[in-house]
Amino acid sequence: MQNVLVYVQHKGGQTPKVTFEMATKARELADKLGGKAHAVVVGKGSTQLAEQLKAYPLDVIHVNDDADVDTFLLDPVIDYIAGAAKAIGPSLVLVPNTLTGKDVAGRLVARLNAGICADATDFKIEGGRVEAVMPKMGGAAITTCALRSGDYGVVTIRPNAFAAAAGGAGAAVQPIEKPAGGSYAVTIENDVEEGTGELALEEAPVVVAGGRGLGGPDPFDTLLKPLAKELGGTVGASRAAADAGWVPYSLQIGQTGKTVSPNLYIAVGISGAIQHKVGMRSSGTIVAINKDGQAPISEFSDLTVVGDAFAIVPELTKLIAASKS
Amino acid sequence: MKIVVTVKLVPDPNAEKRIDPSTKRLVRTGVETVLNPYDEYALEAALQLKEKAGGDTTVTVFSMAPESLKETLRKALAMGADDAVLLSDAGLEGSDVWATSYAISHALKKVGFDLLIVGGLSDDGSTGATPGALAEYLQTPLVTNVRKAEIADGKLRLERETDTGYQDVVAPMPSVITTALTFGEPRYASLKGIMGAKKKTIAAMSLGDLGLDQPVGQAGSKTELLAANPPAVRGKGQVVEAADGAQGAQAIFDFLKERKLV
Ligand SMILES: Cc1cc2nc3c(=O)[nH]c(=O)nc-3n(C[C@H](O)[C@H](O)[C@H](O)COP(=O)(O)OP(=O)(O)OC[C@H]3O[C@@H](n4cnc5c(N)ncnc54)[C@H](O)[C@@H]3O)c2cc1C
Ligand SMILES: Nc1ncnc2c1ncn2[C@@H]1O[C@H](COP(=O)(O)O)[C@@H](O)[C@H]1O
């Protein structure tokens, strides 16, 4: 296992930030393993995205604008990646730990007879062997998993865990041939983007999350959104808030929602139940705003301010805005 | 129609967990084993599809777990599954995702299905890779994160969640699907269900039934767990009482400034 292969998830050339984080990490890993850093970009808009990716320290970017990728669910993508992987031999395949990434990773496990380490937040290379570090069981354990060097290995990458840095000599962009004999079983009839224009929760450097203490849907817009905006982040929620219908489930953080690890997590009117904690406890800094100084969230927050969110949040937003001008 | 649902048996997600670094294992004392939450949603989807389809549709739950956990599977039967298959073997112990998927896919080939519903994520393993690996080994199409499903003219019309929105897709039968949590809250087992579950069968399968070409268990696994440690303890931080909004805001602002977060 010397070469590293990055799967670039995108739609029409739009890719999540984790792609650039993976491209950057791939270089470092390939250097340590003594191999090359490759990326596979397929589907509409790939050529254009490859130009953008060239700014990152990859060696080869394999590209095909094949529209089948956008018409059939995942089958063509798997054929391309498996084809590229087989061409370069037992390699380390990096995949984002997103919904699509999990599907890609699982299918490659079987297609390449590969080991998998999921949701990695760190790597070690020991004697040519790749080890991935991953928080498991909602962060209750930090595990280290080693891949066998003679086999293919797949590692899914937690967004926000690695830095993205442009640089390098500029990758060679090469067309990749469509694998022959593909059979595509599932057709996409309708593909809807629900882009709220907001940052994806898992990728945001700052998350301002609201809970039942906010009492209704409006404070998410009037209190939390302006604060999140000032901090360059996005809004999340507890399950109580999602269950009440105040925000969509896509904003829910916790055991049955998303796992986030932003640099800064601000919990507003959230009590800090274990099921919420497991989705956010690996955040860099945690600040809680809660009426109740005894709320469980204070046990694992770096700062808890005991007081009324409705009074504190607008003042905080103003302070931050003022500090910038 | 035969619907099969995979169910993993996991340590209670709601329990506070502790790792013993010397054994690299979870301290199990006081932690109950339950059905993996995502798999309860998968089972709910199967039961709803069975109710809609009627006729001779059946729901079978499948689990790979130690024999000693057999009774935990009854909860799935109490919720409404018709029967269960439990794959247990000492030779499966320590199987990683690859070995697990490889073994389960061979077992499911024997069990047979028209529709296989897999959970999206296990609470203890949390790779989310098993569904994809199963579909691939079974050479069956895969549709994940399904929130609405309809069966018409022998085809599946599915609405699925994506990273950035949703899609409507059409898949043939048989297929493998995973359910999103928005498909519907899992039902509670009724008293009648619980009583009835006692009489339902849990068929046993072992490695000998599978005819595998490659070794599984810890020895056959393609990954090795080197360490499992408790996370760095996140101590209780400062607690500041705010007399009013301005004071509370100032306390946070100063703290963020000190940490260079603003
Ligand atoms: C199987 C299962 C899975 C679950 N999964 C999740 C999950 O993924 N995510 C999740 O979040 N939960 C999950 N839960 C639910 C979890 O147990 C809690 O019920 C939930 O997190 C509580 O949400 P909350 O903190 O917003 O509400 P509460 O616990 O009601 O807390 C509200 C807090 O707001 C404070 N407050 C009230 N008014 C104000 C004010 N004006 N200013 C400041 N503070 C105020 C209160 O002091 C209180 O601490 C799950 C539960 C189960 C059983
Ligand atoms: N040992 C097992 N027995 C039955 N199903 C399993 C097992 N392991 C994983 N699965 C299924 O695969 C899904 C995803 O698991 P994972 O890939 O570990 O996150 C789970 O929700 C289960 O439906």
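All values derive from a computational prediction rather than experimental measurement.

Caption draft 1: Region of interest: helix H4 (residues 130-138) of chain B. All names here are of chain B. Among the nine residues in H4, eight count as buried, and that is most of the element. All of the buried residues in H4 are Pro131, Gly132, Ala133, Leu134, Ala135, Glu136, Tyr137 and Leu138. Count one or two residues on from H4 and you reach Gln139, which has phi positive near 50 degrees.

Caption draft 2: Expanded view of the site of ligand 1. Residue and element names in this part refer to chain A. Close contacts around ligand 1 come from 26 residues, with Arg212, Ser238, Thr256, Ser271 and Asn290 the closest. Take Arg212: an N or O atom from its side chain is 2.7 Å from an oxygen atom of ligand 1. For the shell around ligand 1, the residue count by class is seven nonpolar, 14 polar and five charged.

Caption draft 3: Structural detail: the nonpolar core. Within the largest apolar cluster, 94 residues are counted, with the highest numbers of intra-cluster contacts made by Val5, Phe62 and Ile117 of chain B. With nine residues, the single largest contributor to this core is helix H3 (residues 97-111) of chain B. Discounting chain neighbours no more than four positions away, the residues touching Ile117 of chain B are Ile3, Val4, Val5, Thr6, Ala42, Ala45, Ala46, Leu49, Ile177 and Thr179 of chain B. Met1, Leu33, Leu53 and Ala132 of chain A belong to the second-largest nonpolar core, a separate cluster that totals 36 residues.

Caption draft 4: Broad picture of the pairing of strand E13 (residues 234-237) of chain A. Residue and element names in this part refer to chain A. The alternating pattern of E13 places Thr234 and Gly236 and Val235 and Ala237 on opposite faces, both of which are buried. Across four bridges, the pairing between strand E12 (residues 206-210) and E13 is parallel. For Val207, the partnering residue across the bridge sits in E13 and is Thr234. In terms of handedness, the path from E12 via helix H6 (residues 218-231) over to E13 forms a crossover that is right-handed.

Caption draft 5: Geometry of the sheet that holds strand E3 (residues 60-64) of chain A. All names here are of chain A. The strand order across the open sheet built from seven strands is E5-E9-E4-E1-E2-E3-E10, with neighbouring strands paired in parallel fashion. Taken across any chain shown, the strands that pair with only one partner, and hence form the sheet edges, are strand E5 (115-120) and strand E10 (172-175). Strand after strand, the sheet turns through a mean of 20 degrees between neighbouring axes, direction not considered. As judged from the four bridges shared by E3 and E10, these two strands associate in the parallel manner. Within E10, the position partnered with Ile61 by the bridge is Val173. Each of strand E1 (3-7), strand E4 (91-96), E5 and strand E9 (153-157) is contacted by helix H5 (residues 99-111), which is oriented at about 155 degrees to E4, the strand it contacts most.

Caption draft 6: Main features of the interface of chain B and chain A. On the side of chain A, 80 residues touch chain B, which itself brings 80 residues to the contact. Interface area for chain B against chain A, summed over the two sides, is near 6700 Å², with a carbon-plus-sulfur share of 56%. Of all residues in chain B, Glu136, Lys222 and Arg234 of chain B give up the largest surface area on contact with chain A, accounting jointly for 11% of the area buried on that side. Taken together, the connections running from chain B to chain A amount to nine salt bridges. For Arg157 of chain B, the salt bridge identified is with Glu189 of chain A, shortest N-O distance 2.9 Å. In terms of residue count, helix H7 (residues 245-258) of chain B provides more of the side of chain B that touches chain A than any other element does, 10 residues in total. Split by residue class, the side of chain B that touches chain A holds 39 nonpolar, 24 polar and 17 charged. As paired strands, strand E11 (residues 187-193) of chain A and strand E11 (residues 165-172) of chain B are joined by six bridges and run antiparallel to one another. Looking at the pairing, Thr187 of chain A lines up with Val170 of chain B of E11 of chain B.

Caption draft 7: Representation of unusual backbone geometry within the structure. A cis geometry characterises the amide bond from Met173 of chain B onward to Pro174 of chain B, with omega recorded as -5 degrees. Tracing the sequence through the fold places Pro174 of chain B in the loop between E11 and strand E12 (175-179). You will see that Asn160 of chain A, though not glycine, has its phi angle at about 80 degrees, which is positive. Tracing the sequence through the fold places Asn160 of chain A in the loop between E9 and E10.

Caption draft 8: Quick peek at the state of the cysteines. Residue and element names in this part refer to chain A. Taken as a whole, this structure holds one disulfide over all chains when the rule is applied. Bridging Cys117 to Cys145, the disulfide has an S-S length of 2.1 Å. Taking the sign of the S-S torsion, about -65 degrees here, the bridge from Cys117 to Cys145 comes out left-handed. A residue pair is termed long-range when its members are at least 10 positions apart, and Cys117 in strand E5 and Cys145 in strand E8 (residues 141-147) qualify at 28 residues. Overall, the relative accessible area of 1% leaves Cys117 in the buried class.

Caption draft 9: Main features of the sheet that holds strand E14 (residues 223-229) of chain B. An order of E6(A)-E7(A)-E8(A)-E14(B) is seen for the four strands of this open sheet, with the pairing classed as antiparallel. Each edge of the sheet is formed by a strand with only one pairing partner; in this case those strands are strand E6 (122-126) of chain A together with E14 of chain B. Strand after strand, the sheet turns through a mean of 25 degrees between neighbouring axes, direction not considered. In this structure, strand E7 (residues 129-136) of chain A lies alongside E8 of chain A, joined through six bridges in antiparallel fashion. The residue bridging Val133 of chain A from the neighbouring strand is Thr144 of chain A, located in E8 of chain A. Helix H1 (residues 18-33) of chain A rests against E6 and E7 of chain A of the sheet, and its axis sits at about 10 degrees to E6 of chain A.

The rules behind the values
- Residues numbered from 1 in each chain as written.
- Chains lettered and ligands numbered in written order.
- Predicted model: local features only at pLDDT ≥ 70, side-chain atom pairs only at ≥ 80, totals over all residues.
- Heavy atoms only, no water.
- Buried < 20%, exposed > 50% of the residue type's maximum accessible area, 1.4 Å probe, protein only.
- Helix = DSSP H or I, 4+ residues; strand = E, 2+ residues; numbered from the N terminus.
- Near = heavy atom within 4 Å.
- Polar contact = N/O pair within 3.5 Å; in protein donor to acceptor, adjacent residues only side chain to side chain.
- Nonpolar A, V, L, I, M, F, W, Y, C, P; charged D, E, K, R; others polar.
- Core = buried A, V, L, I, M, F, W, Y, C linked by side-chain atoms within 4.5 Å.
- Contact = heavy atoms within 4.5 Å.
- Pairing = 2+ DSSP bridges.
- Right-handed = clockwise from strand over helix to strand, strands pointing away.
- Axes fitted to C-alpha atoms, helices over the stretch in contact; angles between N-to-C directions.
- Buried area = accessible area lost by both parts, 1.4 Å probe.
- Salt bridge = Lys/Arg side-chain N within 4 Å of Asp/Glu carboxyl O.
- Disulfide = S-S within 2.5 Å.

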